[in-house]
Amino acid sequence: MVRSAMPPSSLYSILMGQDPGFRARQNLMAMCLGMCNAGEAAEVVVLGFILAEMDDDLDFAEKSLLSSAVFFGMLCGGLLWGSLSDINGRHPTLLLALLLAAGAGFASSFVPDVYTLIAMRAIAGIGIGGSIPTLFALGKEIFPSARSGQLLSLVASFWMMGALWVAGAGYIMLGYEG
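A brief look at the structure comes next.

Cut-offs and rules
- Residues numbered from 1 in each chain as written.
- Predicted model: local features only at pLDDT ≥ 70, side-chain atom pairs only at ≥ 80, totals over all residues.
- Heavy atoms only, no water.
- Helix = DSSP H or I, 4+ residues; strand = E, 2+ residues; numbered from the N terminus.
- Buried < 20%, exposed > 50% of the residue type's maximum accessible area, 1.4 Å probe, protein only.
- Areas by Shrake-Rupley, 256 points an atom, 1.4 Å probe, with all protein chains shown as cover.
- Core = buried A, V, L, I, M, F, W, Y, C linked by side-chain atoms within 4.5 Å.
- Contact = heavy atoms within 4.5 Å.
- Expected span 1.5 Å × (residues − 1).
- Phe/Tyr/Trp six-rings, centres within 6.5 Å; stacked < 30°, edge-to-face > 60°.
- Salt bridge = Lys/Arg side-chain N within 4 Å of Asp/Glu carboxyl O.

**A look at the overall build of the protein chain**
Of regular secondary structure, the protein chain possesses 6 helices and 0 strands. Ordered by position in the sequence, the α and β elements of the protein chain form the string α-α-α-α-α-α. For the protein chain, with 178 residues in total, the buried portion stands at 36%. Working note: accessible area of the protein chain is about 10500 Å², and carbon and sulfur atoms make up 70% of it.

**Overview of the nonpolar core**
Core analysis: the largest hydrophobic core is formed by 14 residues, its most contacted members being Leu66, Ile118 and Ile128. Where this core is concerned, the elements lending two or more residues are helix 2 (20–53), helix 3 (60–88) and helix 5 (114–142). If one sorts the elements of this core by residue count, helix 5 sits on top with 6 residues. Ignoring sequence-local partners within four residues, the contact set of Ile118 consists of Glu62, Leu65, Leu66 and Ala69.

**Some words on helix 6 (residues 148–174)**
Its 27 residues place the ends of helix 6 39 Å apart at the C-alpha level, agreeing with the 39 Å of an ideal helix rising 1.5 Å per residue. Residues Ser148, Leu151, Leu152, Val155, Phe158, Gly162, Val166, Ala169 and Gly170 constitute the buried set of helix 6. Backbone geometry just downstream of helix 6 places Gly175 in the positive-phi region, at approximately 80°.

**Let's talk about the packing of aromatic side chains**
On inspection of all chains with the given rule, the structure shows 1 aromatic pair. Measuring from ring centre to ring centre gives 5.1 Å for Phe106 and Phe110, while their planes differ by 70°; the resulting arrangement is edge-to-face. The residues Phe106 and Phe110 share a single accessibility class, namely exposed.

**Let's talk about the pattern of salt bridges**
Using the criterion set out here, one finds 3 salt bridges in the structure. Across the pair Arg121 and Glu43 runs a salt bridge whose closest N-O atoms are separated by 2.8 Å. Of this pair, Arg121 sits in helix 5 while Glu43 sits in helix 2, and the two are 78 residues apart along the sequence. Here Arg121 matches Glu43 in class, with each residue buried. Put simply, Glu141 and Arg90 hold a salt bridge, and the shortest N to O gap is 2.9 Å. One end of the pair, Glu141, is in helix 5; the other, Arg90, is in helix 4 (residues 90–107), and 51 residues separate them in sequence. Accessibility expressed as a relative area gives 18% for Arg90, which makes it buried.

**Here's the deal with the side chain of Thr93**
You can see Thr93 is positioned in helix 4. For Thr93, a relative accessible area of 2% translates into the label buried. Every residue in contact with Thr93, bar those within four places of it in the chain, is listed here: Trp81, Leu84, Ser85, Asn88 and Thr134.

**Points about the environment of Phe106**
In this structure, Phe106 sits in helix 4. Judged by relative accessible area, which is 58%, Phe106 ranks as exposed. Here the alpha-carbon distance between Phe106 and Met120, two residues 14 residues apart in the chain, equals 9.0 Å.

This is the structure in structure tokens:
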């Protein structure tokens, strides 16, 4: 007979999420996933500030391509990364998607022309399109069913926090034109 290190009642309380340490780890994971969500929101919302700053330098077609590039990338990324996360696992796929979005976002700071910027925004969109559904699927898998709605709502609320952060940073860096 194999003996457990913990009495059955303690093991049950941990599995059911009644252990205070287990609950704290769930909250921490929700905060981490939320920060990922906030970062992706920042990548999407920053486009409005880019367009405002480059308004006089771009024609209508360039503005249209730039504003739609990230969303086109998100469409492609959502289709691509969903299958990859089923094959390779949610956690590694999420990390790769976040790395792609962050790398393309960083690279877009150094582009020489608008067409390279459009390409970098589309690549960032591929990463964003992969990270958003993957982080929610990962959250649904790791959070206990009794708290998954509450914790996933917390993760989702970070999108608005990321958008507000970009708006505040834009106001500070670019000022207000009234």
